[in-house]
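A closer look at the structure
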Amino acid sequence: MLKKSGLWIVTLMILASMILSACGGGEPAAPAEEPAAPAEEPAAPAEEDGGCAAVALGDGDYARIYELADYEAMAGCTMSFSGNPDMADLNGQIGNNPELPPVEERVPAEPLVVVPYEAVGQYGGTFHATSNATESGTSDFLAVRHVNFVRYSDDYVTIEPNIAKSWEWNDDFTEVTFHLREGHKWSDGAPFTSADVAFWMNEIVLNTDIYENTPSWVQFGDGTMTVEVIDDTTVKFVFPVPTPGIVSFFATSFRQPFQPKHFFDKKVADGMDFVEAVTLYYGLSDWTDVPSPLLGEKADDVKPTLESHILVEETTEGRHFVANPYFFMVDTAGNQLPYINEQDEIYVPDAEVRNLKITNGEVDYKVQSISIIDYPLYKDHEADGDYTVDLGSGVGANLFYGFNLTHEDEGLREIFMDLRFRQAMSIAIDRDEIVELIYLGQATPMQATPADGNTVNFVTEEHKNAFIEYDLAGANALLDEMGLVDVDGDGLRERADGSPLAIELQYSTQSGPAQIQELVKSYWDAAGVATTLKEVTSDEYRERGTTNGADVVTWLYDATTGPVIVLDTAMLLPPFGYAFNPGMAYGWEEWHNTDGASGIEPPADVQELYDLVAEFLQYPLGSAESDAVGAKIVDIHVDNLLKIGIAGNIQMPIIHTNRLHNFGPYTVVSYDYYRVYPMIPAEWYFSE
Amino acid sequence: MTPTDLSPKETQAPINQMESEEAQRYYSATQFQLIWWRFRKHRLAQVGAIILITMAVIGLFAEFFGPYTGTTRVSDAVLVRPQAPQFCNDDGCTLRPFIPGVISERNPETLRMETKIDPSVRRDIYFFVEGEEYKLLGKFKTNIHFFGLKEGSIHLFGTDSLGRDIFSRVLLATRTSLSIGIFGVVIAFVLALVIGGVAGYFGGGLDYAIQRLTEIVRVIPVIPLYMGLAAAFPKEWSSTQVYFAMTLVLALVGWPTLARRIRGKLLSLRGEDYVIAANLAGAGPSRIIGRHLLPAFMSYIIVDLVISFPFMLLSETALSFVGLGLRPPTVSWGVLLQDAQTVRAIEQAPWLFIPAIFVVVAVLSFTVLGDGLRDAADPYQVSG
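Residues numbered from 1 in each chain as written. Chains lettered and ligands numbered in written order. Predicted model: local features only at pLDDT ≥ 70, side-chain atom pairs only at ≥ 80, totals over all residues.

**What about the overall build of chain B?**
Convention followed: Secondary structure elements are taken from DSSP: a helix is a run of H or I of four residues or more, a strand is a run of E of two residues or more, and numbering for both begins at the N terminus. By the criterion used throughout, residues are in contact when their C-beta atoms, derived from the backbone, lie within 7 Å.
Assigned secondary structure in chain B consists of 16 helices and 4 strands. Sequence separation of 24 or more characterises 73% of the internal contacts of chain B that already satisfy a separation of 6 or more.

Structure (structure tokens):
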């Protein structure tokens, strides 16, 4: 690596001397020493300058980001900016972008200063990513270029500024005011202002020609969130009920609360229908990665972005991105981020082909769609593929089994509703064996909880350990007690009326390897409950699950982490699921939605959940009130064993090539924190 | 040996030199005897037949020949390598085969299961040992296995990632796959013979109706049909029922091609003099088709039949994949190979591919057997 880094050293020296001249003073000879030990000196080049060296981590409001003014004040120097030398070329690739102004005019007047993890990087290179398909398995790579108002920092607790410079709440958490950056520009150079935020909300989200029904994610209590523009850089969100969780939403959601008003205004001025323009350029899917107008050449441009890279080419094989010339972050040396020139994403639908690409070192970074079961394979090829594979904790990754408590077959419903049945099914599972065979020992047997214990305070050991001890005799005793006995002597139990008892377990391998299902089947068969397995596609699984057609649903218990449940109550309330992760109590949901006119009446304690959850949403996460109410919610879930969990703290492989630097201490693998977004991937750079 | 090897020179020579008694025997032999004699000369075909019979026998008695059931998990033998029985170690040689002590351990760094062999431990292999209880031929309860250990576990083909013995699973899979292939082919064959024979012999309006029916069956897209049936199969069905249903489905979509060919052949043959002669002699249609027409192109039918076998095998695999197919704990070669089609298996557990050898051997055996049968059944072989 040292041999190859010759060019890098030269670049660093140039960069360093630029800072030196900018901040004045310092010893010109020093920078040559720097590249030898970049990891130990995060703010390296700045440190060469007497004044700037005063900035130590922790002095600012946040661990590793600063507002420019704060940074300059602490460092006692005036930062001057430099940009990617290839930017004119890259800008030429972006649709109808105008000529490139100098870098000083491209970065905001108030840029975000990022302290790199390892070192100030060098520009250039193409980042290689794989997704499964246009809209499948893409969040991994989306997160690399993603921006939003705020983000979770790499401690996964603190929320820190990003697009928004700062924000403040009123006393009762019904109004939050975001302050945007002075001089922030879209990727085409047009100013980004609070009008773009209001435009997103008022013209798109609330436009009934676009969304026939107002989306649930802007509805709180009995009303809708509203957006007020205070001035160009100040925008206020007003909620009908206390909604402290919205900041978590803006830290973790793929939905960006701003759209380029000037772009759509121009399209309308050019004679395009507004709704048509929104449909074409914004897309109306549930997901953000909808095919762009470039695919199929419906248009030769895409809407401008605030993200670190912008789409310039799209085919059915993949997508290509180049760096955003107006990106709002700079490093401590005043270099505009991102460092990486281009990003190339290809679709690889086959998991084994993806594995081969990874082991050949052809994928620069990957955490999604790979699993611990392939860890030995990745580890074997670490050296020849020139990449590193680490393990990180997956949160919200506990596989669960939820029996359909509102099953259309009354006999089955009665059986599933019997708590003894769910307890028996839980203790019939040998979790230690699953952990060893499937998770290679890298997980902890754990009961399912609607809040992930690693991300909230109110999940106790009692919750996690409820009914997880393997006890086949106990399971048999409970089932016998229910009157489910083996009448015909085939080793399998019949229903109390003598008709056969059979459970069909439909699963998709997207939720985990099929072997887990084979093991679970064997445990339940051993307890005398005939279980048949059927592998289906995830679409088929979801279709069947959300239409109340499943006997038992099984998926990863996602949408259960702190930042999600403070806002999104899908997992807390019937049907205990959502479109991507079907629940198992649709009859209860219907009963509630129709005020008891149709559907199935839930038990009394489940009905209590509605009030408890409404209360839970009113408190900021981590407050004493929040923890008290949260504990009650988890109590009801676990006491009823609404879902049966297998294991938590599951370790997941994290792969990145060795040429990728500033990768950061990636410790939590979760979509709920928007994967790599907390790590600020704009600072990633290549050493070659 | 290929058909050209049995050139007239070669086959006629013995006849010319035959003693009169032997010649007598030859000319008075039935067709079956003639086929048998010719088949006896086809060594390769006999090898194929012997292999297939062996497979059928071990498949039939899979629980007896396999030391474990297909779903038994041995927790301290996960992903162990195949073990070869040996007679000698450092202490000398014995008549009784044994294997060294084997245990699987997870490498703490790579998390890979590694097979640790302890040569100091000797595990004797016994024959007709008591093991897990099973029902021989589905009827007789017993716990005697052909071979096994009294202590520890033996895995001739290694184990999979859940610690299941691949040898035992392959034997069980052999039964499933072979029987699906054979039953499927046989049912399709009978259907094709009857339908194609009737259509070809009678012709006219009946032929027209049957041809349209054949076309209807042929234009049904197979995968959607399978998927539709998969949804229609009741979930209470046991794996045995699913298995029979599958065989039937395979057969019901498998007959039209052969039926078409038989019909075409019969259409051209039914005007031959010997058919007319048989007709005049008062033979009924079934006798004429069965005795006079079909044997005329028996060799062709045999080739077609044999080609169908690998097709049935592959169809079974495809069906298992779309969910209509076999479900655990039933295993077939296709199901076993599905476990093996990962990069992980290729690199770190290549023994999961052992079932593929069985597929290749079975398909090859059927091919050479078919080749030999074709030669043997060819009525023009001797005279030609």
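Next comes the rest of the write-up.
**Details of the overall build of chain A**
Applied cut-off: Computation of the radius of gyration draws on C-alpha atoms, with the globule rule given as 2.2 Å multiplied by the number of residues to the power 0.38. Partly exposed residues are those whose C-beta has more than 12 but fewer than 20 other C-beta atoms within 10 Å; with 20 or more the residue is buried, with 12 or fewer it is exposed, and the C-beta atoms are placed from the backbone.
On a plain count of helices and strands, chain A comes out with 24 helices and 28 strands. Relative to the compact-globule value of 26 Å for 688 residues, chain A shows a C-alpha radius of gyration of 27 Å, a close match. Out of the 688 residues in chain A, the part that is buried amounts to 52%. Sequence-distant contacts, at least 24 apart, represent 70% of the contacts inside chain A between residues at least 6 apart.

**Observations concerning the nonpolar core**
What counts is decided by this rule: Any set of buried Ala, Val, Leu, Ile, Met, Phe, Trp, Tyr and Cys residues joined through C-beta atoms within 7 Å is what this text calls a nonpolar core.
With 247 residues, the main nonpolar core has Ala424 and Ala428 of chain A as its most contacted residues. No other element matches helix α6 (residues 166–202) of chain B, which puts 16 residues into this core. Each residue touching alanine 424 of chain A, except ones within four places of it in the same chain, is listed here: Ala475, Leu478, Leu479 and Ala527 of chain A.

**Overview of helix α20 (residues 538–546) of chain A**
Residues and elements named next belong to chain A. Where we set the bar: By construction, the arc corresponds to the directions joining the helix axis to the C-beta atoms.
All buried positions along α20 are accounted for by Tyr541, Arg542 and Gly545. Down the axis of α20, the buried side of the element spans an arc of 95°, and every buried residue falls inside it. Buried residues along α20 sit in contact with β20 (502–507) and β22 (552–556).

**Observations concerning the packing of helix α15 (residues 419–427) of chain A against helix α18 (residues 472–481) of chain A**
Residue and element names in this part refer to chain A. Basically, it comes down to this: Working convention: axes come from line fits to C-alpha atoms, limited for helices to the stretch in contact. Angles between N-to-C directions cover 0 to 180 degrees. Under this scheme an angle from 65 to 115 degrees is roughly perpendicular, one under 35 degrees roughly parallel, and one over 145 degrees roughly antiparallel; angles in between are oblique. Crossing chirality is assigned from the near helix's rotation relative to the far helix, an anticlockwise turn below a right angle marking it left-handed and a clockwise turn marking it right-handed.
Closest axis-to-axis distance for the α15/α18 pair is 8 Å, and the angle between their directions is 160°. With respect to each other, α15 and α18 are oriented roughly antiparallel. Handedness of the α15/α18 crossing: left-handed. Residue-level contacts link Arg420, Gln423, Ala424 and Ile427 of α15 to Gly474, Ala475, Leu478, Leu479 and Glu481 of α18.

**A look at the domain arrangement of chain B**
All names here are of chain B. The following threshold applies: An automatic or database domain assignment supplies the start and end points of every domain. Residue polarity follows a fixed list, in which Ala, Val, Leu, Ile, Met, Phe, Trp, Tyr, Cys and Pro are nonpolar, Asp, Glu, Lys and Arg are charged, and the others, Gly among them, are polar.
Here chain B is described as being made up of domain 1 (66–163) and domain 2 (170–377). At the junction of the two partners, domain 1 supplies 10 residues and domain 2 supplies 11 residues. In terms of residue class, the side of domain 1 that touches domain 2 is made up of 3 nonpolar, 4 polar and 3 charged.

**Concerning the sheet that holds strand β25 (residues 650–657) of chain A**
Strand pairing within a sheet occurs via backbone hydrogen bonds; the two strands may be parallel or antiparallel. Let me state the cut-off plainly: In this description, strands pair whenever DSSP reports at least two bridges between them.
Pairing in this open sheet of 4 strands is mixed, and the strands run β16-β25-β17-β27 (chain A) from one edge to the other. Of all strands in the sheet, those with a lone pairing partner are β16 (365–366) and β27 (668–669) of chain A, marking the two edges.

**A closer look at the packing of α6 of chain B against helix α7 (residues 204–219) of chain B**
Two measures define how a pair of helices packs: the angle their axes make with one another and the distance between the axes. Residue and element names in this part refer to chain B. For the pair α6 and α7, interaxial distance at closest approach is 7 Å and the crossing angle is 145°. Note that α6 runs across α7; the crossing there is left-handed. Across the interface between the two elements, Ile195, Val198, Ala199 and Phe202 of α6 pack against Gly204, Leu206, Asp207, Ile210 and Gln211 of α7.

**Remarks on the environment of proline 67 of chain B**
Residue and element names in this part refer to chain B. Locating proline 67 in the fold gives a position in the loop between α5 (62–65) and β1 (86–89). Taking C-alpha positions, proline 67 is 27 Å from phenylalanine 183, a pair spaced 116 residues apart along the chain. Ignoring anything within four residues of it in the chain, the contact list for proline 67 reads Gly131, His145, Phe147, Gly148, Ile154, Asp165 and Ser168.

**Focus on the sheet that holds strand β12 (residues 309–314) of chain A**
Residues and elements named next belong to chain A. The 4 strands are arranged β3-β15-β13-β12 in an open sheet whose pairing can be described as mixed. Every other strand in the sheet has two partners, leaving β3 (126–131) and β12 as the edge strands with one partner each. For this sheet the average axis-to-axis angle between neighbouring strands, irrespective of direction, equals 25°. As defined by bridge partners, β3 adjoins strand β15 (residues 342–347) across 6 bridges and the pair is classed as parallel. Within the sheet, the bridge partner assigned to phenylalanine 127 lies in β15 and is glutamine 343.

**So, the domain arrangement of chain A**
Each domain of chain A was delimited in the assignment, giving domain 1 (147–306) and domain 2 (399–645). Between the C-alpha centres of domain 1 of chain A and domain 2 of chain A the distance comes to 36 Å.

**Points about the pairing of strand β3 (residues 113–136) of chain B**
Regular strands have side chains that alternate between both faces of the sheet. Residues and elements named next belong to chain B. Sheet topology places strand β2 (residues 92–106) next to β3; 9 bridges connect them, and they run antiparallel. Its bridge partner lying in β3, glutamate 105 is registered against glutamate 114. Hairpin connection of β2 to β3: 6 residues between the antiparallel strands, including leucine 111 at a positive phi of 60°. Where β3 meets strand β4 (residues 140–149), 8 bridges bridge the pair, whose relative direction is antiparallel. Residue lysine 135 lies in a different strand from β4, and its bridge partner there is lysine 141. Where β3 folds back onto β4 in an antiparallel hairpin, the turn is made up of 3 residues, including leucine 137, whose phi is positive at roughly 55°.

**Description of the interface of chain B and chain A**
Each partner contributes to the interface: chain B provides 19 residues, whereas chain A provides 27 residues. The element that contributes the greatest number of residues to the side of chain B that touches chain A is helix α15 (residues 343–348) of chain B, accounting for 4 residues. Residues that form the side of chain B that touches chain A fall into these classes: 5 nonpolar, 7 polar and 7 charged.

**Here we look at the environment of threonine 460 of chain A**
Tracing the sequence through the fold places threonine 460 of chain A in the loop between β19 (444–445) and α17 (461–465). Along the sequence, threonine 460 of chain A and aspartate 222 of chain A sit 238 residues apart, while their C-alpha atoms lie 33 Å from each other.

**Some remarks on the confidence of the model for chain A**
Applied cut-off: Scored from 0 to 100, pLDDT records how confident the predictor is in each individual residue.
For chain A, the average pLDDT comes to 87, and 91% of its residues sit at 70 or higher. Note that pLDDT drops below 50 for residues 1–54 of chain A; the model gives that stretch 88 contacts with residues more than four away or on any other chain.

**Some points on unusual backbone geometry**
Residues and elements named next belong to chain A. In this structure, proline 338 follows leucine 337 across a cis peptide bond, with omega equal to -5°. As for its position among the elements, proline 338 is in the loop between β14 (329–331) and β15. That bond from proline 574 to proline 575 is cis: its omega, 10°, falls within 30 degrees of zero. Considering the arrangement of structural elements, one finds proline 575 in the loop between α21 (562–565) and α22 (586–593). Phi at tyrosine 156 is positive, roughly 60°, even though this residue is not glycine. Tracing the sequence through the fold places tyrosine 156 in the loop between β4 (150–152) and β5 (159–161). Unlike most non-glycine residues, asparagine 649 shows phi in positive territory, near 50°. As for its placement among the helices and strands, asparagine 649 is situated in the loop between β24 (647–648) and β25. Accessibility expressed as a C-beta count within 10 Å gives 20 for asparagine 649, which makes it buried.

**A few points about the environment of isoleucine 636 of chain A**
All names here are of chain A. By the secondary structure assignment, isoleucine 636 is in helix α24 (residues 624–639). The class for isoleucine 636 is partly exposed, based on 18 C-beta atoms found within 10 Å. Taking C-alpha positions, isoleucine 636 is 7.1 Å from valine 606, a pair spaced 30 residues apart along the chain. Residues within four places of isoleucine 636 in sequence aside, it is in contact with Asp605, Val606, Glu608 and Leu609.

**Focus on the confidence of the model for chain B**
Residue and element names in this part refer to chain B. Per-residue confidence for chain B averages 81 on the pLDDT scale, and 88% of its residues sit at or above 70. The least confident element of chain B is helix α1 (residues 8–17), whose mean pLDDT is 52; the most confident is helix α4 (residues 43–60), at 91. When the criterion is pLDDT under 50, residues 1–10 qualifies, and its contacts beyond four places in sequence or with other chains add up to 8 contacts. ipTM for the predicted complex: 0.75, alongside a pTM of 0.80.

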